[in-house]
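Survey of secondary and tertiary structure
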Amino acid sequence: MNDPLTRLPGQPHIARRDGVLCVENVALDALARAHGTPLFVYSKQWMLDALAAYQRGFEGRNALICYAMKANSSLGVLRVFAEAGCGFDIVSGGELGRVLAVGADPAKVIFSGVGKTRAEMKQALAAGIGCFNVESEAELEVLNEVALAAGQRARISIRINPNVDPKTHPYISTGLKGNKFGVAHDRTVAAYQHAARLPGLDVVGIDCHIGSQITEASPYLDAMDKILDLVEAIEATGIRLHHIDFGGGLGIDYNGDTPPAADALWKQLLARIDARGFGDRQLMIEPGRSLVGNAGVCVSEVLYTKPGDDKNFCIIDAAMNDLPRPAMYQAFQQIVPLQPRMGTAALYDVVGPICESGDWIGRDRALDVQAGDLVAVLSAGAYCMSMASNYNTRGRAAEVLVNGGQATLIRRRETLDDQLRSEQLAG
Ligand code: LLP
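Residues numbered from 1 in each chain as written. Predicted model: local features only at pLDDT ≥ 70, side-chain atom pairs only at ≥ 80, totals over all residues. Heavy atoms only, no water.

Here we look at the site of the ligand
Put simply, the rule reads: Residues are labelled near a given molecule or strand when at least one of their non-hydrogen atoms is within 4 Å of it. Think of a polar contact as two N or O atoms within 3.5 Å of one another; within protein, one of them needs to be a possible hydrogen donor and the other a possible acceptor, and neighboring residues in sequence only count if both atoms come from side chains. Under the convention used here, a 1.4 Å probe and the Shrake-Rupley method define accessible areas, while residue burial counts only the protein chains that appear. As a working rule, the residues Ala, Val, Leu, Ile, Met, Phe, Trp, Tyr, Cys and Pro are called nonpolar, Asp, Glu, Lys and Arg charged, and the rest polar, with Gly in that last group. The split into domains, and so the bounds of each, comes from an automatic or database assignment of domains.
Around the ligand lies a shell of 18 residues, among which Ser212, Glu286, Arg289, Arg325 and Tyr383 are the nearest. Side-chain polar atom of Lys70 to an oxygen atom of the ligand: 3.5 Å apart, as the coordinates give it. At a separation of 2.8 Å, an oxygen atom of the ligand approaches a polar backbone atom of Gly249. A total of 590 Å² of accessible area belongs to the ligand in isolation, and the protein chains cover 92% of it. Along the lines of polarity and charge, the residues of the shell around the ligand split into six nonpolar, six polar and six charged. Both of domain 1 (5-43 + 293-420) and domain 2 (112-287) provide at least three residues apiece to the shell around the ligand.

Some remarks on the pairing of strand S4 (residues 39-43)
Quick reminder of the rule: The classification of residues rests on relative accessible area computed with a 1.4 Å probe and restricted to protein chains. Under 20% of the type maximum is buried, over 50% is exposed, and intermediate values are partly exposed. Strands are runs of DSSP state E lasting at least two residues, helices are runs of H or I lasting at least four, and both sets are numbered from the N terminus onward. At least two DSSP bridges between two strands are needed for those strands to be called paired.
Most of S4 is tucked away: five of the five residues are buried. Neither face of S4 is exposed, since Leu39, Val41 and Ser43 on one face and Phe40 and Tyr42 on the opposite face are all buried. Alignment of S4 against strand S14 (residues 296-306), held across four bridges, turns out to be antiparallel. Each bridged residue has a counterpart across the sheet, and for Val41 the counterpart in S14 is Val297.

Structural notes on the packing of aromatic side chains
By convention here, two paired aromatic rings are described through the distance between centres and the angle between planes. Our working definition: A pair of Phe, Tyr and Trp rings is counted when the ring centres sit within 6.5 Å of each other, with Trp represented by its six-membered ring. The angle between the planes then sorts it: under 30 degrees is stacked, over 60 is edge-to-face, the rest tilted.
All told, the structure shown has seven aromatic pairs when counted by the stated rule. Judged by centre distance (6.4 Å) and plane angle (20°), the ring pair of Phe40 and Tyr42 falls under stacked. Look at Phe40 and you get buried, because its relative accessible area is 0%. We classify Tyr42 as buried; its relative accessible area is 0%.

A look at the domain arrangement of the protein chain
Worth spelling out the cut-off: Contacts are residue-level and defined by heavy atoms, with any inter-residue pair within 4.5 Å sufficient. Buried area is understood as the total, over both parts, of accessible area removed when two parts are fitted together, assessed with a 1.4 Å probe.
When cut into domains, the protein chain gives domain 1 (5-43 + 293-420) and domain 2 (112-287). Counting from both sides, the interface comprises 13 residues of domain 1 and, opposite them, nine residues of domain 2. Taken over both partners, the interface formed by domain 1 and domain 2 buries close to 930 Å², and the fraction arising from carbon and sulfur atoms is 50%. Remark: the boundary between domain 1 and domain 2 carries two residue pairs in polar contact (both at pLDDT 80 or more). Split by residue class, the side of domain 1 that touches domain 2 holds five nonpolar, six polar and two charged.

Describing the confidence of the model for the protein chain
Regions with low pLDDT should not have their predicted coordinates read in detail. Put simply, the rule reads: pLDDT gives the predictor's per-residue confidence on a scale running from 0 to 100.
Scored by pLDDT, the protein chain has a mean of 95; 98% of the residues are at 70 or more. When mean pLDDT is compared element by element in the protein chain, strand S20 (residues 398-403) scores highest at 99, while strand S10 (residues 183-184) scores lowest at 90.

Right under this line is the structure:
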């Protein structure tokens, strides 16, 4: 059933049943009673359905979907994607450690990021990862040295910066000239020629990622044209590229956003690849948000309501340390009561307990709520728990994964002891 006040991103797996907000077949109020709040709850089926859209898009192709685990790196979530056959896009030695902790295949891991350390390179080589996405000429040299010292050859792609505007928030645009990512388009062929001469490197592919929360097909089509131009130019120098990695970035519905469906987008992109004669190459992608974003909600309790001269405040027990996207990117996430009241709504700024004005979750929201009510912040599966902090010495929230009627606690609430364990007094 549709919410009477608002449409719910995440449907049909996140929906009201008999008036109670549920994730799959589990009522959120019961989970909040059992585990406390703030509480992240994820739908496994939503994740698998989102993955299936990509899998349909690549049917009959040689393709590898590498989940960009920065979106949500909780072990219980990683296990879902590992079991579904995904590889992983990692950006740190820590993320590699998480991949190994769930028993996933390191050969399906690609390592992105502009600032890989020598120690991380060594660790990744020892684990036998599939490919390094190298982001600069200087990194080529360092990786070559590290690989030679380890007596290995590192498989690499070079991440190109296609200078395409993904039309998203400036903080999450990555494929524009002014961004720190990738090697500039006009230096790419020279970088490939140089890489091919380095004895510690094995050039296997090309990589590109233009940004995040992209809701139109056109930036992708433009970037694909540019990458294919480069594949032609690079191969004209005698270097063979076995795979094309096209990054991630596909957006989700936060507030009526209508990104293209993954299968429809890939139909268009594959038509271009085939038309240029590169349909035989392995395709790789690195989706993060679109695989988990609308699979999750954050359940929070209303602590106080407070009338103000200019606005009313609704103070909830989740804060910017749990849900950093509004504070960081002025992002919009829907906030809905678990059980709607039948009274009249007032306009509230929904805020957390943290001691700064940047700690807001939603502005000017029409809500009919009282202290003690539970609300759900929607579209909270991506870039929430993975970006959570201990600011104000708040323990990080608990997480539950729902599969049908079964709910599993995949992360217990962080305790004060957990936080204090790594510290000690001076002298
Ligand atoms: N590959 C690379 C190299 C990336 O840098 C990213 C995201 C992805 C893949 C996955 O992108 P996705 O499919 O999730 O859009 N914290 C921000 C998003 C930062 C994205 C960083 N890179 C937010 O909350 O909007």
